[in-house]
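# Coordinates in review
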Amino acid sequence: MWVALFLGIVLPYFASAQQVNVTIFTESQCPYCTKLLREQIWPFYVTKPGIMNLQIVSFGKGDCTYDANRNFHCSCMHGQTECDLNRLQNCAMSYFPRRHLGLVTCIQGLKTLREAFSRCLSRLSARTQRKLIECATTQTGELLSYYSMVNTHRAGVKLWPTMYVNGVFFDRSYPVDQKLCENTDWC
Ligand SMILES: *[C@@H]1O[C@H](CO)[C@@H](O)[C@H](O)[C@H]1NC(C)=O
């Protein structure tokens, strides 16, 4: 009984201490963002599941304004396609709060919104596809992008990608998996 009590008190502490908080500020058309997500973050997520407590903020360098009807209009560093794909990424994260990394990584770095629809959404149900397409092409998605802009500005991010590990800026001078494994015993 005492052992059970002891474990009951101690294990949650260790469990929470082992997850690594990762925040990545990205934009859909920046090549190094694409490399980071495809070559480092996604493989780590697949091979070492459950370690990252990952937050992706997709906006980048740009701005959103709203008009007299409270419609948001965002502009993005790499043009309209970037805004389109950022919107779809933000919609994916909103519809799948816990399981969106595959979708976000798939959308990242593509050439058009249409390409993203056909390459990334095809395995989802027709209903989910419709919802995501609607979100990505309306004010719903633009508002989500606006929130990501606010997060990006608040963090003072000036370079993309920018990555924080347990709240500390990580300059990515060495591989991401090494950095994450330094912060956990689960590797
Ligand atoms: C990770 O994030 C959670 C929730 O924001 C926070 O409570 C916790 O202290 C963070 N852990 C570390 C090691 O920074």
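The name an unreviewed UniProt entry gives the chain is Gamma interferon inducible lysosomal thiol reductase, with Mesorhabditis belari as the organism.

## As for the overall build of the chain
Along the backbone of the chain there are 8 helices and 6 strands. Secondary structure elements in the chain, listed N-terminal to C-terminal, are α-β-α-β-β-β-α-α-α-α-α-β-β-α. Within the chain, the proportion of its 187 residues that are buried is 36%.

## Observations regarding the pairing of strand 4 (residues 72-76)
Both strand 3 (residues 62-66) and strand 4 contribute to a ladder of 5 bridges, which runs antiparallel. The residue bridging Thr65 from the neighbouring strand is His73, located in strand 4. Remark: 5 residues form the turn of the hairpin made by strand 3 and strand 4, two consecutive strands paired antiparallel; Arg70 in that turn has positive phi of roughly 60°.

## Some words on the sheet that holds strand 5 (residues 162-165)
Pairing within the open sheet is mixed, and its 4 strands lie in the order 2-1-5-6. Lying at the two open borders of the sheet, with one neighbouring strand each, are strand 2 (52-58) and strand 6 (168-170). Each strand axis lies, on average, 25° off the axis of its neighbour in the sheet, ignoring direction.

## Quick notes on the nonpolar core
The biggest cluster of nonpolar side chains holds 44 residues, and the ones touching the most others in it are Leu88, Cys91, Ala92, Ile107, Ala116 and Leu132. Sorting elements by how many residues they give to this core places helix 3 (residues 80-95) first, with 6 residues. Beyond its immediate stretch of four places on either side in the chain, Leu88 contacts Ile107, Leu113, Ala116, Leu132, Ala136 and Gly141.

## Quick notes on helix 6 (residues 126-136)
For helix 6, every residue scored as buried is listed here: Leu132, Cys135 and Ala136. Seen along its axis, helix 6 keeps its buried residues to an arc of 95°; they face one direction. Opposite the buried face of helix 6, by more than 90 degrees, sit the exposed residues Ala126, Arg127, Arg130 and Glu134. Of the surrounding elements, those touching the buried residues of helix 6 are helix 3, helix 5 (113-120) and helix 7 (139-154).

## Here we look at the environment of Thr137
With respect to the helices, strands and loops of the structure, Thr137 is situated in the loop between helix 6 and helix 7. On the basis of neighbour counts, which here come to 16 C-beta atoms within 10 Å, the residue Thr137 falls in the partly exposed class.

## Remarks on the pairing of strand 2
In terms of strand pairing, strand 1 (residues 20-26) meets strand 2 through 7 bridges, oriented parallel. Its bridge partner lying in strand 2, Phe25 is registered against Val57. One crossover worth recording links strand 1 to the parallel strand 2 by way of helix 2 (residues 31-47), and it is right-handed.

## Concerning helix 2
A rise of 1.5 Å per residue sets the reference length of helix 2, with its 17 residues, at 24 Å; its end C-alpha atoms lie 23 Å apart and thus fit the reference within 8%. Residue Leu37 marks the point of greatest curvature in helix 2, where the axis turns by about 35°. Taken residue by residue, helix 2 has Cys33, Leu36, Leu37, Ile41 and Phe44 as its buried positions. Turning to helix 2, the residues buried within the fold contact strand 1, strand 2, helix 4 (101-107) and helix 8 (176-182).

## Considering unusual backbone geometry
In this model, Trp160 is joined to Pro161 through a cis peptide bond whose omega is -5°. Considering the arrangement of structural elements, one finds Pro161 in the loop between helix 7 and strand 5. Phi at Arg70 takes a positive value of approximately 60°, unusual for a residue other than glycine. With respect to the helices and strands, the residue Arg70 is situated in the loop between strand 3 and strand 4. By C-beta crowding, Arg70 is classed as exposed, having 8 other C-beta atoms within 10 Å. Even without a glycine there, the phi angle at Arg172 is positive, about 60°.

## Thoughts on the packing of helix 3 against helix 7
Packing of helix 3 against helix 7 leaves a shortest axis separation of 8 Å and a crossing angle of 90°. Comparing their axes, helix 7 and helix 3 come out roughly perpendicular. Together, Cys83, Asn86, Arg87, Leu88, Asn90, Cys91 and Ser94 of helix 3 and Gly141, Glu142, Leu144, Ser145 and Ser148 of helix 7 make up the contact between the two elements. Across the contact of helix 3 with helix 7, the residue classes break down as 4 nonpolar, 6 polar and 2 charged.

Rules and cut-offs
Every chain is numbered independently, its residues counted from 1 as its sequence is written. At least 70 in pLDDT is required for a residue's local features to be given in this predicted model, at least 80 for side-chain atom pairs to be given and counted, and no such filter applies to totals for whole chains, interfaces and linings, which use all residues. The helix and strand labels rest on DSSP assignments: H or I over at least four residues marks a helix, E over at least two residues marks a strand, and numbering proceeds from the N terminus. With C-beta atoms placed from the backbone, a residue is labelled by how many other C-beta atoms lie within 10 Å of its own: buried for 20 or more, exposed for 12 or fewer, partly exposed between the two. Pairing between two strands is assigned when DSSP locates at least 2 bridges connecting them. Each axis is a line fitted through C-alpha atoms, taken for helices only over the stretch in contact, and angles between the N-to-C directions span 0 to 180 degrees. Linking buried Ala, Val, Leu, Ile, Met, Phe, Trp, Tyr and Cys residues through C-beta atoms within 7 Å yields a set, and such a set is a nonpolar core. Contact definition: two residues whose C-beta atoms, as placed from backbone geometry, lie within 7 Å. Note: the arc covers the axis-to-C-beta directions of the helix. When the strands point away from the viewer and the connection leading from the first strand across the helix to the second strand turns clockwise, the crossover is called right-handed. Expected span of a helix, by definition, is 1.5 Å for each gap between consecutive residues, and there is one gap fewer than residues. A residue's bend is given by the angle between axes fitted to the 7 residues ending at it and the 7 residues starting at it. Oblique is the label for any angle not covered by the other classes, which are roughly parallel (under 35 degrees), roughly antiparallel (over 145) and roughly perpendicular (65 to 115). Three classes are used, and their members are as follows: Ala, Val, Leu, Ile, Met, Phe, Trp, Tyr, Cys and Pro are nonpolar, Asp, Glu, Lys and Arg are charged, and the others, Gly among them, are polar.

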